[in-house]
Structures are given as structure tokens and as C-alpha cells.
Amino acid sequence: MTARRALLAAFALLAATDLISLAVGFGTGHTVSKPLLMPLLAAYAAAHGAPRLLLAALLFGWGGDVLLLFDAEPAFLAGMASFAAGHICYLGLFKAYGKARARCGLLAPAYTTALLTTVVLLWPDLPPGLRVPVVGYSLLLTAMAYAAGARLGLVAGLGGALFLLSDTLIATGVADWPQPPRPDLWIMLTYIAAQFLLTVGTLGALEARDERTALKVMVTD
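Given the structure is predicted, the values throughout are model-derived calculations rather than measurements.

Draft legend 1. Structural context of the overall build of the protein chain. For the protein chain, the helix and strand inventory stands at 8 helices and 0 strands. Going from the N terminus to the C terminus, the protein chain shows its helices and strands as α-α-α-α-α-α-α-α. In terms of C-alpha radius of gyration, the protein chain reaches 18 Å, essentially the compact-globule figure of 17 Å for 221 residues. Structurally, the protein chain occupies a C-alpha span of about 65 × 40 × 25 Å along its principal axes. Residues counted as buried form 40% of the 221 residues belonging to the protein chain. In the protein chain, the share of contacts with a sequence separation of at least 24, taken over all contacts with a separation of at least 6, comes to 74%. Put simply, the protein chain shows about 11500 Å² of open surface, and 71% of that area lies on carbon and sulfur atoms.

Draft legend 2. A look at the packing of aromatic side chains. Overall, the coordinates contain 5 aromatic pairs when judged by the stated rule. Ring centres of tyrosine 90 and phenylalanine 94 lie 5.7 Å apart, and the angle between their planes is 20°; this geometry places the pair in the stacked category. Of the two residues, tyrosine 90 and phenylalanine 94 are both situated in helix H4 (residues 73-97); the distance of 4 residues between them amounts to about one turn of the helix. Judged on exposure class, the residue tyrosine 90 and its partner phenylalanine 94 are both buried. Taking 5.5 Å as the distance between ring centres and 80° as the angle between the ring planes, the aromatic pair formed by phenylalanine 163 and tyrosine 191 counts as edge-to-face. Of this pair, phenylalanine 163 sits in helix H7 (residues 154-174) while tyrosine 191 sits in helix H8 (residues 183-220), and the two are 28 residues apart along the sequence. For phenylalanine 163, a relative accessible area of 1% corresponds to the buried category.

Draft legend 3. Main features of the side chain of glutamine 195. Position of glutamine 195 among the secondary structure elements: in helix H8. With a relative accessible area of 1%, glutamine 195 lands in the buried category. A distance of 2.7 Å separates the side chain of glutamine 195 from the side chain of tyrosine 90, its partner in a polar contact. Beyond its immediate sequence surroundings of up to four residues, glutamine 195 is in contact with Met38, Leu41, Leu58, Gly61, Tyr90 and Phe163.

Draft legend 4. Layout of the packing of helix H5 (residues 107-122) against helix H6 (residues 128-152). One can describe the packing of H5 onto H6 by two numbers: an axis separation of 10 Å at closest approach and a directional angle of 160°. As summarised for this structure, H5 and H6 are arranged roughly antiparallel, according to the angle between their axes. Judged by the sense of rotation from one axis to the other, the crossing of H5 with H6 is right-handed. Here Leu107, Ala108, Tyr111, Leu115 and Val119 of H5 lie close against H6, whose contacting residues are Val135, Ser138, Leu139, Thr142, Ala145, Tyr146, Gly149 and Ala150.

Draft legend 5. Here's a closer look at H7. With 21 residues, H7 extends 30 Å between its outermost C-alpha atoms, agreeing within 8% with the 30 Å of an ideal straight helix rising 1.5 Å per residue. Looking only at H7, the buried set comprises Ala156, Gly157, Gly159, Gly160, Leu162, Phe163, Leu164, Ser166, Asp167, Ala171 and Thr172. In the stretch just after H7, aspartate 176 is the one whose phi turns positive, near 65°.

Draft legend 6. Representation of the nonpolar core. In terms of nonpolar packing, the biggest core is built from 50 residues, with Tyr90, Phe94 and Phe163 touching the most fellow members. Mapped by element, the contributors of at least two residues to this core are helix H1 (2-24), helix H2 (27-47), helix H3 (52-67), H4, H5, H6, H7 and H8. Contact partners of phenylalanine 94, with chain neighbours within four places excluded, come to Met144, Ala147, Ala148, Arg151, Leu152, Leu198 and Thr202.

Draft legend 7. Inspection of a nonpolar patch on the surface at higher detail. Among the surface-exposed residues, Ile20, Val24 and Phe26 lie close enough to one another that they form a single nonpolar patch of about 320 Å² accessible area. Looking at where isoleucine 20 falls in the secondary structure, it is placed in helix H1.

Draft legend 8. Inspection of H1 at higher detail. Given a rise of 1.5 Å per residue, 23 residues ought to cover 33 Å, and the 33 Å separating the end C-alpha atoms of H1 matches this to within 8%. Phe11, Leu14, Ala15, Asp18, Leu19, Ser21 and Leu22 are the residues of H1 that are buried. Among the residues trailing H1, glycine 25 stands out with phi positive, at a value near 80°.

Draft legend 9. Focus on unusual backbone geometry. A positive phi is found at aspartate 176, a non-glycine position, where the angle reads about 65°. Among the structural elements, aspartate 176 can be located in the loop between H7 and H8. Using a relative accessible area of 67% as the deciding quantity, one classes aspartate 176 as exposed. Backbone geometry at arginine 182 places phi at a positive 55°, although glycine is not the residue there. Along the chain, the position of arginine 182 falls in the loop between H7 and H8.

Conventions and cut-offs
Every chain is numbered independently, its residues counted from 1 as its sequence is written. This being a predicted model, a pLDDT of at least 70 is required before a residue's local features are given, and a value of 80 or more before pairs of side-chain atoms are given or counted; all residues contribute to the totals for chains, interfaces and linings. No hydrogens and no water enter the side-chain calculation; it runs on all heavy atoms of the structure. Each helix corresponds to a stretch of at least 4 residues labelled H or I by DSSP, and each strand to a stretch of at least 2 residues labelled E; elements are numbered beginning at the N terminus. It is over C-alpha atoms that the radius of gyration is taken, and the globule rule equals 2.2 Å times the number of residues to the power 0.38. Categorising residues by exposure relies on relative accessible area from a 1.4 Å probe, with only protein chains included: less than 20% of the type maximum marks a residue as buried, more than 50% marks it as exposed, and the intermediate range marks it as partly exposed. Here, residues are in contact when the closest pair of their heavy atoms is within 4.5 Å. Here the open area of atoms and residues is found with the Shrake-Rupley method and a 1.4 Å probe, where only the protein chains shown may cover a residue. Between 30 and 60 degrees the pair is tilted, below 30 it is stacked and above 60 it is edge-to-face, where a pair is any two Phe, Tyr or Trp rings, Trp via its six-membered ring, whose centres lie within 6.5 Å. Between N or O atoms, a polar contact is any pair within 3.5 Å; within protein, one atom must be a potential hydrogen donor and the other a potential acceptor, and residues adjacent in sequence are included only when both atoms are from side chains. The axes used here are C-alpha line fits, helices contributing only the stretch in contact, and every angle between their N-to-C directions lies in the interval 0 to 180 degrees. By definition in this entry, angles of less than 35 degrees are roughly parallel, angles greater than 145 are roughly antiparallel, angles of 65 to 115 are roughly perpendicular, and the rest are oblique. Handedness of a crossing is defined here by the sense of rotation of the near helix relative to the far one, left-handed for an anticlockwise turn of less than a right angle and right-handed for a clockwise turn. Each residue after the first adds 1.5 Å to the expected span of a helix. Throughout this description, the term nonpolar core refers to a set of buried Ala, Val, Leu, Ile, Met, Phe, Trp, Tyr and Cys residues connected via side-chain atoms within 4.5 Å. Patches here are clusters of residues that have more than 30% relative accessible area and form no salt bridge, with a 9 Å joining cutoff for like charges and a 5 Å cutoff for nonpolar side chains (Val, Leu, Ile, Met, Phe, Trp, Tyr). We count a salt bridge whenever a side-chain nitrogen from Lys or Arg sits within 4 Å of a carboxyl oxygen from Asp or Glu.

Any link to function would need more than the numbers given here.
Next comes the structure, spelled out in C-alpha cells:
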């Protein structure tokens, strides 16, 4: 338990360092702290006995984080591919360990509408070479966000929604739309929260499932 708390405290401290660095314009602080966030969160998840698919999703997120530190189109595409691999891991995780929830019937049309609206609005302003990759990535990201809520519940679902918001903010920047002050701060804030909520939502769902299984065994015995 002590190790888990120490890892969680270290992640929280590093997240705060990264966000404060972005808020005050301290680029070096962001460059140093950002690549350490997902490995720490993965270590925390591993300490809870997390499935390999969750650890893989977080480490692919780490790959994307590192690649997006470089301001070049090839690095952006490689980073997007790394995040896409992470979303595939999340989808496999949700399918393997989650269960479809009847009360989530409105999620599918809501996410479909959000996807179509975003793609239609962004398409004309995206660089031609990025249009197809961004649309393909958006499909995968939206599927992940939907599955998080539909199969694992509220906490993971909120994480999926924040991931979608974070990457939409990135896409509007690529499309050269007007941005809020300190756009990187809002991108990282929503991204860090997304990965954390996806992690704790998954761990919580798995713990609840194990408790139900143990209870059934006790009743059967």
C-alpha cells in the first residue's frame, strides 16, 4: 500500500509541476516532466496488478508524449500513431474486462454526432497531408471514448471524454483555429486527467468484478 501511495503522490507532484510549468511559460519544466508522467502512472497501475493491455496503453501514450515534444510533421504523425496503438489497447481492454451497459444507449449517437461535426468543421482547415490521418485517428479515439463509458462506467467514461476533448484541442491548433491563452496547458490538463481517470476507472471496475466473483464463490460454497 505504501508503494502505491508513493507512486500516486509522485505522479500528482509531477503532473502539478508540468501544469505549473505550462502556466508560467517554463518550457524546460514541461520538457522534463511530461515524458515521466505515463511511466509513473503505469507503475502505479502495475502495483495494483493491472492487466497488460492497460500498461501497454499507458506506455504507448508515453511514446506519443515524447514524440509530440518535437515540432515537426513526421514526429506528429508518429506520435499520433503511438496514441492510436494505445487506443487499440484500450479497446481490447474494455472488450475483455468490461460489460455493455444498457443505460448507455445515448452515448453512441452523442459520440457519432460529435465525431461527424468535428470532422466536417476541421477538414477544410487541416493541412492536406494530415486530413486522412487525423480523420482515421479521430474514428479510433471516438470509439475508445465511447467504449470506456459504455463498458466500464462513469469514471472511465469521463476519462475517455476528456481524452477526446484534449485531442480535439490539438486538432484545432493544427487547423490554425483561434486558441485560448496557454493552449498547451488546457491540452495537458485534460490529457493527464483523462489517462488518470481511464486508469483508476479500469482498476475500480476490475476490483468490483473480482469482489463479485469472490462473493459468488462464497455463496456457492
